[in-house]
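# Structural overview for review
One letter stands for each residue in the lines below.
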Amino acid sequence: MDELEILKKDWKKSENTFDQVSETEIYGMLHKRSSSLVKWILIISILEFIVLNGFGFVIADKEMDNFEKLHPYLFIIENVNYLILLGFIFLFYKNYKSICVLNSSTKLIKDIIKTRKIVNYYIYWNVFISSFLGSFAFIDGFNASYRQANPNAEELSQTGFIIIFIFSMLFVVGIVFGFYKLLYGILLNRLNKNYKELQKMDF
């Protein structure tokens, strides 16, 4: 049993004269835990941006150069993606600064709702962009292997290309979505628990 549960039980057992003090203590603990969770969301998103993009620069080779030459428009999409990810990180920072201020349970509830929405949008965007870019990389790799194994075979038809693209995109979506749900799901679940506890309280 954590400290919050102990405080809640004491609060219910206390006399009316001590209700406000106990409520304030519980709110303070929920506020502290919520700000800590949002801080970790910010930290993880920054580390994720640095590590994943840094990894991409480190492993840059001829194959990556050929990939960009084959799909020049994807290079533009990647740069736009960087800007969007930085925008999300900025929003996480703003939410963290906002949630750090001890105002009221109503304000904290609104900040938690806002944070949850932004994190979910962040996950959906990463799933979309990763699956989109990853599918092209997967298809290029498949084509290269296909030509190597069947040097005299014709190129894949447009229908074959579309089928492979859809299946590869679904495959990448499953992996990326699972990764982000695992990465941010625990923090969001704990934040949601704080949100429900705040809703139960009557200040």
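Residues numbered from 1 in each chain as written. Predicted model: local features only at pLDDT ≥ 70, side-chain atom pairs only at ≥ 80, totals over all residues. Heavy atoms only, no water.

With that out of the way, let us pick up the overall build of the chain. Across its full length, the chain holds six helices and zero strands. For the chain, the succession of helices and strands along the chain, N to C, is α-α-α-α-α-α. Every one of the 203 residues in the chain was classed for burial, and the buried ones make up 34%. Contacts in the chain between residues at least 24 apart in sequence constitute 84% of all its contacts with a sequence separation of at least 6. Taken as a whole, the chain presents about 13,100 Å² of accessible surface, with 65% of it coming from carbon and sulfur. (Helix = DSSP H or I, 4+ residues; strand = E, 2+ residues; numbered from the N terminus. Buried < 20%, exposed > 50% of the residue type's maximum accessible area, 1.4 Å probe, protein only. Contact = heavy atoms within 4.5 Å. Areas by Shrake-Rupley, 256 points an atom, 1.4 Å probe, with all protein chains shown as cover.)

So, about the confidence of the model for the chain. Do not read the fine detail of predicted coordinates wherever pLDDT is low. Of the residues in the chain, 67% have a pLDDT of 70 or more, and the chain-wide mean is 76. Taken element by element, the chain is modelled with least confidence in helix H1 (residues 3–13), mean pLDDT 53, and with most confidence in helix H4 (residues 72–100), mean pLDDT 87. (pLDDT = per-residue confidence, 0-100.)

We now examine the packing of aromatic side chains. The tally for this structure, following the rule as stated, stands at eight aromatic pairs. Here the aromatic rings of Phe-92 and Tyr-122 are separated by 5.3 Å at their centres, their planes lie at 75 degrees, and the arrangement is edge-to-face. Of this pair, Phe-92 sits in helix H4 while Tyr-122 sits in helix H5 (residues 105–149), and the two are 30 residues apart along the sequence. According to the relative accessible area criterion, Phe-92 is buried, its value standing at 2%. Judged by relative accessible area, Tyr-122 falls into the buried class, the value being 2%. When the ring of Trp-125 is compared with that of Phe-128, the centres are 5.7 Å apart and the planes differ by 45 degrees; the resulting orientation is tilted. One end of the pair is Trp-125 and the other is Phe-128, both in helix H5 and three residues apart, which spans about a single turn. (Phe/Tyr/Trp six-rings, centres within 6.5 Å; stacked < 30°, edge-to-face > 60°.)

Turning our attention to a nonpolar patch on the surface. Taken together, Ile-46, Leu-47, Ile-50, Val-51 and Leu-52 make up a surface patch of nonpolar side chains, about 450 Å² in accessible area. Examined against the element boundaries, Ile-50 turns out to sit in helix H2 (residues 19–58). The class for Ile-50 is exposed, based on a relative accessible area of 51%. (Patch = residues over 30% accessible without salt bridge, like charges linked within 9 Å, V, L, I, M, F, W, Y side chains within 5 Å. Salt bridge = Lys/Arg side-chain N within 4 Å of Asp/Glu carboxyl O.)

When you line up the elements, Asn-194 lands in helix H6 (residues 158–200). Of note is the side chain of Asn-194, whose polar atom sits 3.0 Å from the side chain of Ser-34. Leave out the neighbours within four places in its chain, and Asn-194 touches Leu-30, Arg-33, Ser-34, Leu-37 and Ile-112. (Polar contact = N/O pair within 3.5 Å; in protein donor to acceptor, adjacent residues only side chain to side chain.)

What the rule picks out here adds up to one salt bridge. Between Lys-107 and Asp-111 there is a salt bridge, and its shortest N-O distance comes to 2.9 Å. Of this pair, Lys-107 and Asp-111 both sit in helix H5, four residues apart, which is roughly one turn of that helix. For Asp-111, a relative accessible area of 6% puts it in the buried group.

Next up on the list: the environment of Gly-28. Residue placement: Gly-28 occurs in helix H2. The spatial distance from the C-alpha of Gly-28 to the C-alpha of Leu-102 is 8.0 Å, given a sequence separation of 74 residues.

Turning next to the nonpolar core. In terms of nonpolar packing, the biggest core is built from 31 residues, with Phe-92, Ile-112, Val-119, Tyr-122, Ile-123, Tyr-184 and Leu-198 touching the most fellow members. Mapped onto this core, the elements with two or more residues apiece are H2, H4, H5 and H6. With residues up to four places along the chain from it excluded, the contact list for Leu-198 reads Tyr-27, Leu-30, Ser-105, Leu-108, Ile-109 and Ile-112. (Core = buried A, V, L, I, M, F, W, Y, C linked by side-chain atoms within 4.5 Å.)

Here we come to the side chain of Ser-35. Along the chain, Ser-35 falls in helix H2. Separated by 2.9 Å, the side chain of Ser-35 and the backbone oxygen of Lys-32 make a polar contact. The residues contacting Ser-35, other than those within four sequence positions of it, are Tyr-96, Ile-99 and Cys-100.

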